[in-house]
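# Fold and geometry: a report
Residues per chain, in single letters:
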Amino acid sequence: MVRTTLSATLAVGLTLTATALLAQGPPAGRGGPKAGQTVEKIRQLKPDLYMITGGGANTLIRVTPEGLIVVDTKNPGDENYNRVMEEIRSVSNLPVKYVFNTHHHPDHVGTNQKFIDAGATVIALDALKTHMASDPRTKDIPGRPTQTFAKDYTLKFGGATVEAHSYGRGHTGDDTMVYFPDLKVVMVSDQITDANPIVDFANGGSAVEWTQILDGVLKLDFEIAIPGRGEPKTRAEVKAFRDKFATLVSRASDAIKAGATRDTLASQVKTDDLGWMFNAAFYGGLYDELTKK
Ligand SMILES: [Zn+2]
């Protein structure tokens, strides 16, 4: 079936393009089977770059001759960590030296401590460390970042370069785009979603700045963008998502100018053609942000 073809293709797919990946990916969006609760098989995306889905957010693994660089560490739990390491060990026996987190949510930082215990440095935004410590969902998860930066960070290790960029606030107040320039791959995390985008207003998230982050991403030279969940995206899909989000915000802004209140905003903003549906809490946060003096 489609999935079999996909993994078979990936097994040999050094030259696979994101378009081919997408053409053969499973159907996206709501209503499909719940995206992997458990850690799935490792897949090669590019030479020396692998992805593991399931068990939380997507995890990337960059292989260098001196060790491994990992992006995002899934939901908390020894089982997730053990399964991730089992999959990693099927492609490399080298130690994980660096971990990047794309934002502080539990499904992205869950097993940080296990990597730290095994000798890795966890690199993240200052704001990520702060939000991880204050968010009730993550404050008791061990493994806060061991090396932090304010906005941009470049790691050169084992002949590989990894750039981490903060382009503004979006899904949270600590979103970090992780870019592999030589492979033309960027991890955009939950800034791109198959289902409804989520703005974590309580932890610095912003609907207004959301597109600013994707504009930053679109300035990078990339072919494949990896979302927090789901299949890799093309540059065209990132652009389309960015434009949809801009449409959402401008419709909400126009509705408020036309007299919509915090309570009526939901009924005044058309989203069915965007394929999204939001709850009252989302519109409340959006209203507050758009009317903030
Ligand atoms: Zn998230």
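Residues numbered from 1 in each chain as written. Predicted model: local features only at pLDDT ≥ 70, side-chain atom pairs only at ≥ 80, totals over all residues.

### Some remarks on the overall build of the chain
- Along the chain, the regular secondary structure elements total 10 helices and 13 strands.
- Taking all 293 residues of the chain together, the buried fraction comes to 46%.
- Residue pairs at least 24 apart in sequence account for 65% of intrachain contacts in the chain once pairs closer than 6 positions are excluded. (Helix = DSSP H or I, 4+ residues; strand = E, 2+ residues; numbered from the N terminus. Buried ≥ 20, exposed ≤ 12 C-beta atoms within 10 Å, placed from the backbone. Contact = placed C-beta atoms within 7 Å.)

### A closer look at the confidence of the model for the chain
- Residues of the chain with pLDDT of at least 70 account for 88%, and the chain-wide mean is 91.
- Below pLDDT 50 for its whole length, residues 1–33 participates in 36 contacts with residues either more than four positions away or in separate chains. (pLDDT = per-residue confidence, 0-100.)

### Some words on the sheet that holds strand E7 (residues 147–149)
- Strand order in the open sheet made by the seven strands is E1-E2-E3-E4-E5-E6-E7, with mixed pairing throughout. Strands at the two margins of the open sheet, each flanked by one partner only, are strand E1 (43–46) and E7. Between one strand axis and the next, the sheet turns by 25° as a mean value, whatever way the strands run.
- Relative to strand E4 (residues 67–71), strand E3 (residues 59–64) runs antiparallel, the two being bridged by five bridges. If you follow Val 63 over to E4, its bridge partner there is Leu 68. (Pairing = 2+ DSSP bridges. Axes fitted to C-alpha atoms, helices over the stretch in contact; angles between N-to-C directions.)

### Digging into the sheet that holds strand E12 (residues 224–227)
- An order of E8-E9-E10-E11-E12-E13 is seen for the six strands of this open sheet, with the pairing classed as mixed. Strands with a single pairing partner mark the edges of an open sheet, and in this sheet they are strand E8 (152–157) and strand E13 (233–234).
- Bridge count for strand E11 (residues 185–189) against E12 is four bridges, and the pairing is parallel. Its bridge partner lying in E12, Val 185 is registered against Ile 224.

### Describing the packing of helix H8 (residues 235–257) against helix H10 (residues 280–291)
- In the contact formed by H8 and H10, the axes pass within 10 Å of each other and the chain directions differ by 70°. Classified by the angle their axes make, H8 and H10 are roughly perpendicular. Contact residues: H8 offers Ala 252, Ser 253 and Ile 256, while H10 offers Leu 286, Tyr 287, Leu 290 and Thr 291.
- The class makeup of the residues in the contact of H8 with H10 is five nonpolar, two polar and no charged. (Parallel < 35°, antiparallel > 145°, perpendicular 65-115°, else oblique. Nonpolar A, V, L, I, M, F, W, Y, C, P; charged D, E, K, R; others polar.)

### Focus: unusual backbone geometry
- Of note in the backbone geometry, Asp 48 takes a positive phi value of approximately 70° without being a glycine.
- Residue position: Asp 48 is located in the loop between E1 and strand E2 (49–52).
- Positive phi, close to 65°, is recorded for Lys 74, a residue that is not glycine.
- When you line up the elements, Lys 74 lands in the loop between E4 and helix H3 (78–89).
- Note on Lys 74: 26 C-beta atoms within 10 Å, which makes it buried.

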